[in-house]
Amino acid sequence: MSGKSVVLVTRKLPNAVEDRLHRDYEPRLNPDDRLYSSDELIALSEGADAIMPCHTEKFSAEVVARLPDSIKAIANFSVGVDHVDLQAAAKRGIIVTNTPDVLSDATAEIAILCMLGAARRAGEGERLVRGAGWKDWSPAFMVGIQVTGKRVGIVGMGRVGQIVARRMRGFDMEVHYHNRRRIDPTLEQGAIFHESLEEMLPLCEVLSLNCPATPETTGLLNAARIALLPDGAIVINTARGALVDDDALIAALKSGKLHSAGLDVYNNEPAIDPRYRELDNTFLLPHVGSATRETRDAMGYRALDNLDAIFAGREPGDRVA
Ligand code: DGY
């Protein structure tokens, strides 16, 4: 026995993060990076003091109820916490933390990639070149939409949304946003607040989803709201798949109501609705918003900072429950 706190780490983490875990804790690592079932998660938690999971492990009320009493904290390696039943954790006195800020730039980069990929038909073009299907050039070939100077609507003007807004301004885009409440005007940098999503949607030539998945935002982009977008709009989602009603989005992509969609996140990942794959006007990424070396290291350090605080008896900086 090392006397160090035992931390169950559910996925393979960056080496530097695992080094720090070895230095300060007794980690139970997952070198094979295998996704644990709920039963395995519970069994492996036996005798551990904390869990450091990713969004890939689901902590439903039932799972939280079955965690051993030794578990004092769930220190997520993620900013999103929709995979954890926070009320159930709070009821058991389990502290839950996340990793805000450190992944905002990386995620905003992917939002821009999704926007450009969808607007300029990047997936289609890449498939054509790779598949040796590119035979000719003509003025009518692979024509997409220019985003420069267009109007974008951002749903969720939190940390990521604000950086997305800043990057989009680099394309001379007019930025509108909808948020639960107006952000401090000094942070708006010219973005126009809409109290009602319905009022903003008709303006959005590009719509970027950047809000967390909660019971209130689940299915937020439904058929009625898509109908309010201008014809030929582009939808991008780098937040959570749960924000989107897949049937409605796919129908609008098929009918031509929407020009295209750039998606990094999906319902039921990675077993996404297969119809997305069949559409040429989707630009699809595999949930890589935070997938940069810099960001993944920073996420690990942030989760560890939270654990350090908890085990030192201090309030962790990123407590969500
Ligand atoms: C997050 O941190 O929420 C990202 O989606 C990766 O899990």
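These remarks concern the structure in this document. Once a new chain begins, its residue numbering starts again from 1 and follows that chain's sequence as written. Residues qualify for local features only when their pLDDT is at least 70, as the model is predicted, and side-chain atom pairs are given and counted only at 80 or more; totals for whole chains, interfaces and linings, by contrast, use all residues. Calculated side-chain values reflect all of the structure's heavy atoms, with hydrogen atoms and water omitted.

Quick look at empty space enclosed by the protein
Let me state the cut-off plainly: Here a cavity means grid points, on a 1 Å grid over the protein atoms only, where a 1.4 Å probe fits yet cannot get out; a pocket means an open set of points with protein on both sides within 12 Å along at least five of seven lines; lining residues are those with an atom within 4 Å of a point. Grid points are joined across faces, edges and corners, and a volume is the space filled by probe spheres set on the points.
Throughout the structure, instances matching the rule amount to one cavity of 30 Å³ or more. The space that makes up the largest cavity amounts to roughly 40 Å³.

What to know about the state of the cysteines
Here is the rule: When the sulfur atoms of two cysteines come within 2.5 Å, that pair is taken as a disulfide. Relative accessibility under 20% of the residue-type maximum defines a buried residue, over 50% an exposed one, and the middle range a partly exposed one, all with a 1.4 Å probe and only protein chains included.
If you walk through the whole model with that rule in mind, you get zero disulfides. Not engaged in a disulfide, the cysteine Cys-211 finds its nearest cysteine sulfur in Cys-204; these two sulfurs lie 13 Å apart. Overall, the relative accessible area of 9% leaves Cys-211 in the buried class.

Considerations on the pairing of strand β11 (residues 258-263)
Along any regular strand the residues' side chains alternate between the sheet's two faces. Put simply, the rule reads: Note on conventions: DSSP H or I runs of at least 4 residues are helices, E runs of at least 2 residues are strands, and numbering of each starts at the N terminus. Should DSSP find at least two bridges between two strands, the strands are regarded as paired. Note on handedness: a crossover is taken as right-handed if, strands pointing away from the viewer, the path from the first strand over the helix to the second is clockwise.
Within β11, five of the six residues are buried, which leaves it mostly tucked inside the rest of the structure. Across five bridges, strand β10 (residues 233-237) lies against β11 in parallel orientation. Along β11, the bridge assignment pairs Val-235 with Ala-261. With helix α11 (residues 246-255) bridging β10 and the parallel β11, this β-α-β connection has right-handed handedness. Here β11 pairs with strand β12 (residues 282-284) via three bridges, running parallel.

Points about the side chain of Asp-264
Heads up, the condition is: For the charge count, each Lys or Arg is scored as positive and each Asp or Glu as negative, with His and the chain ends excluded. Any carboxyl oxygen of Asp or Glu within 4 Å of a side-chain nitrogen of Lys or Arg constitutes a salt bridge here. Between N or O atoms, a polar contact is any pair within 3.5 Å; within protein, one atom must be a potential hydrogen donor and the other a potential acceptor, and residues adjacent in sequence are included only when both atoms are from side chains. A contact between two residues is defined here by any heavy atoms of the two lying within 4.5 Å.
Along the polypeptide, Asp-264 turns up in the loop between β11 and α12 (275-278). Of the side chains with opposite charge, Arg-240 lies nearest to the buried Asp-264, which makes no salt bridge, at 7.7 Å. A polar contact is formed between the side chain of Asp-264 and the backbone nitrogen of Val-288, at a distance of 2.8 Å. Beyond its immediate sequence surroundings of up to four residues, Asp-264 is in contact with Ile-110, Cys-114, Asn-237, Thr-238, Glu-269, Leu-285, Pro-286, His-287, Val-288 and Gly-289.

Re the packing of helix α5 (residues 104-119) against helix α7 (residues 159-169)
The test is simple: Only C-alpha atoms enter the line fits that serve as axes; for helices the fit covers just the stretch in contact. Angles between N-to-C directions range over 0 to 180 degrees. The cut-offs work like this: below 35 degrees is roughly parallel, past 145 is roughly antiparallel, 65 to 115 is roughly perpendicular, and the gaps in between are oblique. Left-handed describes a crossing in which the near helix is turned anticlockwise from the far one by less than a right angle; the clockwise case is right-handed. Residue classes follow a fixed rule: Ala, Val, Leu, Ile, Met, Phe, Trp, Tyr, Cys and Pro count as nonpolar, while Asp, Glu, Lys and Arg count as charged, and any other residue, Gly among them, counts as polar.
Viewed as axis vectors pointing N to C, α5 and α7 meet at an angle of 50 degrees, and their least axial separation amounts to 9 Å. Relative to α7, the element α5 is oriented oblique. Crossing of α5 over α7 shows right-handed handedness. For the pair α5 and α7, the contacting residues are Ser-104, Asp-105, Thr-107, Ala-108, Ala-111, Ile-112 and Met-115 in the first and Arg-159, Val-160, Ile-163, Val-164, Arg-167 and Met-168 in the second. Partitioning the contact of α5 with α7 into residue classes produces eight nonpolar, two polar and three charged.

Points about the layout of surface pockets
Here the second largest pocket is characterised by a volume of approximately 530 Å³. When its residues are assigned to classes, the lining of the second largest pocket shows eight nonpolar, seven polar and five charged.

Overview of unusual backbone geometry
Of note, the amide linkage connecting Glu-269 to Pro-270 takes the cis form, showing an omega dihedral of -5 degrees. Structurally, Pro-270 is set in the loop between β11 and α12. Positive phi is not limited to glycine here, since Asp-33 has a value of about 60 degrees. If you trace the backbone, Asp-33 turns up in the loop between β2 (26-28) and α2 (38-45). Residue classification places Asp-33 among the partly exposed positions, given a relative accessible area of 32%. In this structure, Asn-268 is a non-glycine residue whose phi angle is positive, near 55 degrees. Along the chain, the position of Asn-268 falls in the loop between β11 and α12.

A short note on the site of the ligand
For the record, the criterion: Throughout this document, a residue counts as near a molecule or strand when at least one of its heavy atoms sits within 4 Å of that molecule or strand. To measure how exposed things are, a 1.4 Å probe is used in the Shrake-Rupley method; for residues, cover is taken only from the protein chains shown.
The ligand sits among His-55, Ser-78, Val-79, Gly-80, Leu-103, Arg-240, His-287, Ser-290 and Met-299. One of the backbone nitrogen or oxygen atoms of Val-79 is found 2.7 Å away from an oxygen atom of the ligand. A distance of 2.7 Å is found between an oxygen atom of the ligand and a side-chain nitrogen or oxygen belonging to His-287. For the ligand, the accessible surface in isolation is 230 Å², of which the surrounding protein chains cover 90%. Residues of the shell around the ligand, tallied by class, amount to three nonpolar, five polar and one charged.

These results come straight from atomic positions and should not be treated as a statement about function.
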